[in-house]
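An overview of the molecular structure
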Amino acid sequence: MANKLLSEMGLPKSIANIFTARNLITAKDVLSLTEFELMELLDVDLAVVASAVAHISEITCPPYQTALSLLEQRVQNERMAGHLPTCLKGLDNALCGGIPFGVVTELVGPAGIGKTQFCLKLSLLASLPSSYGGLDGSVIYIDTESKFSSRRMIEIGYNSFPEAFHAEGMAQEMAGRILVLRPTSLSEFTDSLQKIRVSLFQHGVKLLIIDSMAALLAGEGVQGPQRQHSLGWHISFIKSVAEFSRIPIVVTNQVRSQSRDEISHYSFQGIHWAHAVSIRLVFESRSGQRFIKLAKSSLSPPLAFPFNITSSGISLLNDDGVEMPGPDIHTIHCQGHSSIITVGSEMMH
């Protein structure tokens with residue numbers, strides 16, 4: 001807008017001619033000078049200059065927006081962007097359709113709680129033909145801890161979508177659509193990411209899963225603030241891939257605890273990562289019951305859903321969820337342990 005021509009701004013002909021005579025052609029030419037400099041250059045009164053500058057500024061500068069209007073616009077964009085349904089009715093309702101396209105969704109919780117089970121089901125849903133409610137695409141699954149099980153995925157498929165998976169050759173076709181990468185170091189992970197951007201379009205990729213992010217650094221012996229520094233490029237790249245490709249990206253991270261008396265800690269920390277994540281689902285277990293908690297979302301209040309793991313994957317015990325305001329939504333329980341995530345300041349412990 002700064003390069004907009006003054007001749008297109010509807011200025012009074014008298015002042016427009018003076019601007020032209022002084023070789024002031026665009027809005028930028030005028031707004032780069034002070035009103036007193038313009039008075040001297042144009043040889044006109046301050047009132048004339050002030051009126052012209054105000055007119056040019058009003059046309060050139062974008063209209064202001066309130067914080068509320070920006071939030072409403074963001075929510076509307078996320079609603080319209082598309083979603084990958086999880087087939088968990090209550091969670092899909094809370095997320096207005098499922099895992100949103102174009103953003104990073106994080107699953108965080110202790111080992112063995114069900115994060116990988118959730119990812120296996122998502123992989124099936126992304127690769128399933130559209131006639132069965134899937135996205136009919138390919139999946140890139142970056143498996144840093146060798147937890148991916150094709151046998152378990154097929155079991156989930158047979159029990160969740162029996163009509164589809166009993167069709168001849170369907171199981172093999174689904175398995176063939178999921179590309180599993182197993183980087184064993186940070187440098188191999190970097191190489192994998194650099195190849196992904198091209199693969200997204202060549203192979204019709206509809207979902208990227210990284211299970212898990214922090215595990216890469218555990219093997220490198222990287223601790224504390226160095227974690228974020230080491231993965232700074234990767235975090236930015238993953239976020240840009242989500243926005244550029246408009247596919248859902250799901251990343252898992254673990255809470256680890258070393259003893260019953262020690263508070264467990266969220267193993268992947270930092271403001272850079274926190275700001276890259278749009279949706280955070282916390283997986284926890286308290287008093288023998290597992291929960292999925294919707295801890296971060298611009299579309300939903302904080303909710304907790306009890307769940308079990310069955311032969312068909314994760315199954316919610318009810319679809320209503322329990323609203324959980326306050327710090328408890330950010331507290332991760334793992335068989336008697338707690339890990340506090342203070343999302344308000346986006347710092348995790």
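Just so you know, these numbers come straight off a predicted model, no measurement behind them.

On to empty space enclosed by the protein, then. On inspection of all chains with the given rule, the structure shows 1 cavity of 30 Å³ or more. Approximately 50 Å³ is the volume found for the largest cavity. What lines the largest cavity is simply Thr 86, Leu 88, Gln 117, Phe 118, Lys 121, Leu 122 and Ile 314. Tallying contributions element by element places helix H7 (residues 115–127) first for the lining of the largest cavity, with 4 residues. Residues that form the lining of the largest cavity fall into these classes: 4 nonpolar, 2 polar and 1 charged.

Moving on, we come to the pairing of strand S9 (residues 277–286). With 9 of 10 residues buried, S9 is to be regarded as a mostly interior element. Note that strand S3 (residues 104–110) and S9 share 5 bridges and pair parallel. Bridge pairing in S9 places Val 108 opposite Val 282. Direction of pairing for S9 relative to strand S10 (residues 289–296): antiparallel, over a ladder of 7 bridges. Pairing of Val 282 across the sheet is with Lys 293, part of S10. Linkage of S9 to S10, two consecutive antiparallel strands, is achieved through a turn of 2 residues, within which Ser 287 is found at a positive phi near 55°.

A few words now on the confidence of the model for the protein. With 82% of its residues at a pLDDT of at least 70, the protein reaches an overall mean of 82. Ranking the elements of the protein by mean pLDDT puts strand S16 (residues 347–348) last with 35 and strand S12 (residues 313–316) first with 96. Low pLDDT, under 50, characterises residues 258–268; the predicted model gives this stretch 44 contacts beyond four residues in sequence or across chains. Counting interchain partners and residues more than four positions distant, the pLDDT-below-50 stretch residues 336–349 has 50 contacts.

Turning our attention to the packing of aromatic side chains. Using the criterion set out here, one finds 5 aromatic pairs in the structure. On the basis of an interplanar angle of 80° and a centroid distance of 5.7 Å, the ring pair of Phe 118 and Phe 283 is categorised as edge-to-face. Here Phe 118 is found in helix H7, whereas its partner Phe 283 is found in strand S9, with 165 residues between them in sequence. Just as Phe 118 is buried, Phe 283 falls in that class too. Ring plane angle 75° and centroid distance 5.9 Å describe the contact between Phe 283 and Phe 307, whose orientation is recorded as edge-to-face. Note that Phe 283 is positioned in strand S9 and Phe 307 in strand S11 (residues 303–310), a separation of 24 residues in sequence. The exposure classification of Phe 283 matches that of Phe 307, with both residues buried. Three or more aromatic residues joined by ring pairs form one cluster here, namely Phe 118, Phe 283 and Phe 307. Arg 286 extends its terminal NZ or CZ atom over the ring of Phe 291, reaching a point 5.9 Å from the ring centre.

Glancing now at the side chain of Gln 117. By the element assignment, Gln 117 lies in helix H7. Once residues lying within four places of it in the same chain are set aside, the contact partners of Gln 117 are Arg 152, Ile 156, Ile 309 and Ile 314.

In this structure the tally under the stated criterion is 10 salt bridges. Ionic contacts of the salt-bridge type, sharing partners, join the residues Asp 136, Glu 173 and Arg 177 into one network.

Here is what the cut-offs are and how they apply
- Here, residues in each chain are numbered from 1, in the same order as that chain's written sequence.
- Totals for whole chains, interfaces and linings use every residue, but because this is a predicted model, local features are given only for residues with pLDDT of at least 70 and side-chain atom pairs only at 80 or more, for both listing and counting.
- The side-chain figures draw on all heavy atoms in the structure; neither hydrogens nor water molecules are used.
- In this analysis, the protein atoms alone were mapped onto a 1 Å grid. Cavities are point sets where a 1.4 Å probe fits without being able to get out; pockets are open sets with protein on both sides within 12 Å along at least five of seven lines; lining residues have an atom within 4 Å of a point.
- Grid points are joined across faces, edges and corners, and a volume is the space filled by probe spheres set on the points.
- A run of H or I in DSSP counts as a helix once it spans at least four residues, and a run of E counts as a strand once it spans at least two, with each numbered from the N terminus.
- Any residue that is not Ala, Val, Leu, Ile, Met, Phe, Trp, Tyr, Cys, Pro, Asp, Glu, Lys or Arg is counted as polar, Gly included; the first ten are nonpolar and the last four charged.
- Exposed residues in this analysis have more than 50% of their type's maximum accessible area, buried residues have under 20%, and partly exposed residues fall in between, with area computed by a 1.4 Å probe over protein chains only.
- Any two strands with at least two DSSP-identified bridges between them are counted as paired.
- pLDDT measures the predictor's confidence residue by residue and takes values from 0 up to 100.
- We call two residues contacting when some pair of their heavy atoms lies within 4.5 Å.
- Ring pairs shown here join Phe, Tyr and Trp side chains whose ring centres sit within 6.5 Å, with only the six-membered ring taken for Trp; geometry is labelled stacked below 30 degrees between planes, edge-to-face above 60, and tilted in between.
- A ring is considered to have a charge above it if a Lys NZ or an Arg CZ atom is located within 6 Å of its centre and within 35 degrees of its normal.
- What makes a salt bridge here is a side-chain nitrogen of Lys or Arg within 4 Å of a carboxyl oxygen of Asp or Glu, nothing more.

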